[in-house]
Amino acid sequence: MTPSVPLKKLRLIGGQMLRFLVVALAAILLSGCASMPDRDRNILIGAGVGAGVGALIGSASGGPAGAGVGAAIGGASGGVIASLIRPEGCYIRNRRGELWQVPCHGRTVRASACFVGNEISGLRQVPCSYRL
């Protein structure tokens, strides 16, 4: 018995389906980034870049198996590094001594002191007219 569809045609359909799935997953990943907070978006981008670089290095040194291992290691390390990088934020201290994070654009209302920084590098005091 011979199959009604040649094997070459099945391989072609399988290759097209794989390309379709890759494009669909990339579209879902990229559309999800638009609604994410900046911190999550940066972690996802860092993991993606790390996985890509890890796959390139792994495939150059160890073939297809090395590409998978390199992508896993690169993705994990890229995500961790991206989670450690924080943009500077704007903070004010009100009359009661409370510290509030505020948008860096716009006017500051009733602030007794203004600060710029993040939790890693600490806060530095700036004039309340300062804008990023």
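Here's a quick rundown of the structure. These figures come from a predicted structure and were not determined experimentally.

Topic: the sheet that holds strand E4 (residues 122-126)
For step 1, the next point in the chain: Overall, antiparallel pairing links the 4 strands, which are arranged E2-E1-E3-E4 in an open sheet. Each of the sheet's edge strands pairs with one partner strand only, and the pair in question is strand E2 (99-102) and E4. Put simply, the sheet's adjacent strands are angled 35° from each other on average, direction ignored.
For step 2, the next point in the chain: Sheet topology places strand E1 (residues 89-93) next to strand E3 (residues 113-118); 5 bridges connect them, and they run antiparallel. Looking across to E3, one finds that Cys90 is bridged to Val116.

Concerning helix H2 (residues 38-84)
For step 1, the next point in the chain: If you check H2, its first and last C-alpha atoms are just 13 Å apart, much less than what 47 residues at 1.5 Å a residue would give, namely 69 Å.
For step 2, the next point in the chain: The largest bend in H2 comes to about 150°, at Gly62, with the proline Pro64 one to four residues further on.

Conventions used here
- Residues numbered from 1 in each chain as written.
- Predicted model: local features only at pLDDT ≥ 70, side-chain atom pairs only at ≥ 80, totals over all residues.
- Heavy atoms only, no water.
- Pairing = 2+ DSSP bridges.
- Helix = DSSP H or I, 4+ residues; strand = E, 2+ residues; numbered from the N terminus.
- Axes fitted to C-alpha atoms, helices over the stretch in contact; angles between N-to-C directions.
- Expected span 1.5 Å × (residues − 1).
- Bend = angle between axes of the 7 residues up to and from the residue.

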